[in-house]
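Summary of the model geometry
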Amino acid sequence: MILGLETSCDETAAAVITPDGRLLSNVVSSQADLHARYGGVVPEVASRRHLELVTPVVQEALADADISLDDVDLLGVTAGPGLIGALLVGVAAAKAIAWARRLPLAAVDHLQGHVASLYLEPDPLEPPFLCLLASGGHTLLLDVHDRSEKPRVLGTTLDDAAGEAFDKGARLLGLGYPGGAEIDRLAREGDSSAYDFPIARVPGLDFSFSGLKTALLYVVKKLPPEELERRRADLAASYQRAIVRALVERTRQAADETGATKVAVVGGVAANSELRASLPEATAALLALCTDNAAMIASAARFTEAIPYPGYLALDAYASTA
């Protein structure tokens, strides 16, 4: 059995899968309510909460899978990228469990974990495929050729990530946190053609969302409070439409240029209803596996070279891949 741990941001997660990719348990404790008052994740607050939650979350994952630590053969943990303090909690917990049981430990890249969410049963996706990874911290177009190799980056964001653009847009519209879910919900009540927000045309296959965010800011500033309240749903729908169009157009461009016959979408933004509807040809991660979770980390651990006992005691976390 493979036990996975994920603490890269504000979800404390643990999961158990079988070596062939069957999901036995997937426990995620979100801190969204804790950070909502701040309008975003506070790193130090997140780290302290991970410390409180990591042990009970692991215990719950084992109980849900109806196994004990005696049944675990491999630990997988997110080593980065992410919030360094949050990552260190998960890495320390995984090292402690692995060391106590003399088990091997796989240090998983968070981004490769998102891709590996597609490799779980009951319908695993076989490479090669083009993958759009869109989350709160990353927006990438990846050329995936092998489960055990790092995907080739075809395009990335030059400024804000798509999820970050959703969160900042939600803040401008006076909506709650997390912003992506709030905009998606409100957009269903609005007219997506009410406002014509710009889509950045940058060279190659890269993305840019900062101009879109600024355009929304200018519109919001010009509207009187009563008019803003009346047009809030239209603004949300139009803003969401611009983000989704940018993601879809770039993804289809990449598929044309690379000749990819299979396309996938992963990451927190992959849960967006309009994005899923706008890319019907793509394989989207299961909704439960879009946001940060440990099932994807356990899945990626199968294809990551494990560090044997006790070599991982020197393992450190990393905030970015740069």
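Note: the structure precedes this text.
Residues numbered from 1 in each chain as written. Predicted model: local features only at pLDDT ≥ 70, side-chain atom pairs only at ≥ 80, totals over all residues. Heavy atoms only, no water.

Some points on unusual backbone geometry
Rule in force here: To qualify as a helix, a DSSP run of H or I must reach at least 4 residues; to qualify as a strand, a run of E must reach at least 2; elements of each kind are numbered from the N terminus.
Pro 128 follows Pro 127 through a cis peptide bond whose omega is 5°. Its location among the elements puts Pro 128 in the loop between helix 4 (110–116) and strand 6 (129–134). For the bond running from Tyr 177 to Pro 178, omega is 0°, close enough to zero to count as cis. Secondary-structure assignment places Pro 178 in the loop between helix 5 (162–172) and helix 6 (179–187). Despite not being glycine, Asp 66 shows a phi value in the positive range, around 60°. For Asp 66, the position within the fold is in the loop between helix 2 (43–65) and strand 4 (74–80).

Topic: the environment of Leu 217
Our working definition: The rule is simple: take the accessible area with a 1.4 Å probe, protein chains only, and divide by the maximum for that residue type; under 20% is buried, over 50% is exposed, in between is partly exposed.
Its location among the elements puts Leu 217 in helix 7 (residues 210–222). Of the residues examined, Leu 217 reaches a relative accessible area of 27% and is grouped as partly exposed. Residues Leu 217 and Gly 169, spaced 48 residues apart in sequence, show a C-alpha to C-alpha distance of 8.1 Å.

Some remarks on the sheet that holds strand 8 (residues 152–156)
This is how it is decided: Here a strand pair is declared whenever DSSP counts at least two bridges between the two strands.
Pairing in this open sheet of five strands is mixed, and the strands run 8-7-6-9-10 from one edge to the other. Every interior strand has two partners, whereas the edge strands, strand 8 and strand 10 (283–284), have only one.

Quick look at the layout of surface pockets
Empty space among the atoms becomes visible once a probe the size of a water molecule is rolled across them. For the record, the criterion: Space inside and on the surface of the protein is sampled on a 1 Å grid over the protein atoms alone, with a cavity defined as a set of points where a 1.4 Å probe fits but cannot get out and a pocket as an open set with protein on both sides within 12 Å along at least 5 of 7 lines; lining residues have an atom within 4 Å of a point. Grid points are joined across faces, edges and corners, and a volume is the space filled by probe spheres set on the points. Ten residue types, Ala, Val, Leu, Ile, Met, Phe, Trp, Tyr, Cys and Pro, are classed as nonpolar, four, Asp, Glu, Lys and Arg, as charged, and the remainder, Gly among them, as polar.
Quantified by volume, the largest pocket comes out at close to 1,100 Å³. Only strand 3 (23–30), helix 4, helix 5 and helix 6 provide two or more residues apiece to the lining of the largest pocket. In terms of residue count, helix 5 provides more of the lining of the largest pocket than any other element does, six residues in total. Residues that form the lining of the largest pocket fall into these classes: 13 nonpolar, 16 polar and nine charged. Taken as a whole, the second largest pocket spans an internal volume of roughly 290 Å³. Lining of the second largest pocket is provided by 19 residues; of these, Leu 111, His 138, Leu 140, Val 153 and Thr 321 occupy positions nearest its centre. In terms of residue class, the lining of the second largest pocket is made up of eight nonpolar, seven polar and four charged.

Some remarks on the packing of aromatic side chains
How two aromatic rings sit relative to each other is set out by the distance from centre to centre and by the angle between their planes. Let me state the cut-off plainly: Note on aromatic pairs: the rings of Phe, Tyr and Trp (six-membered ring only in Trp) are paired at centre separations within 6.5 Å, and the planes decide the class, stacked below 30 degrees, edge-to-face beyond 60, tilted for the rest.
Evaluation of the coordinates by the stated rule reveals five aromatic pairs. Ring geometry for Tyr 119 against Phe 129: centres 6.4 Å apart, planes inclined by 65°, an arrangement best described as edge-to-face. Taken together, the positions of Tyr 119 in the loop between helix 4 and strand 6 and Phe 129 in strand 6 put the pair 10 residues apart, joining distant regions of the chain. Grouping residues by exposure puts Tyr 119 and Phe 129 together as buried.

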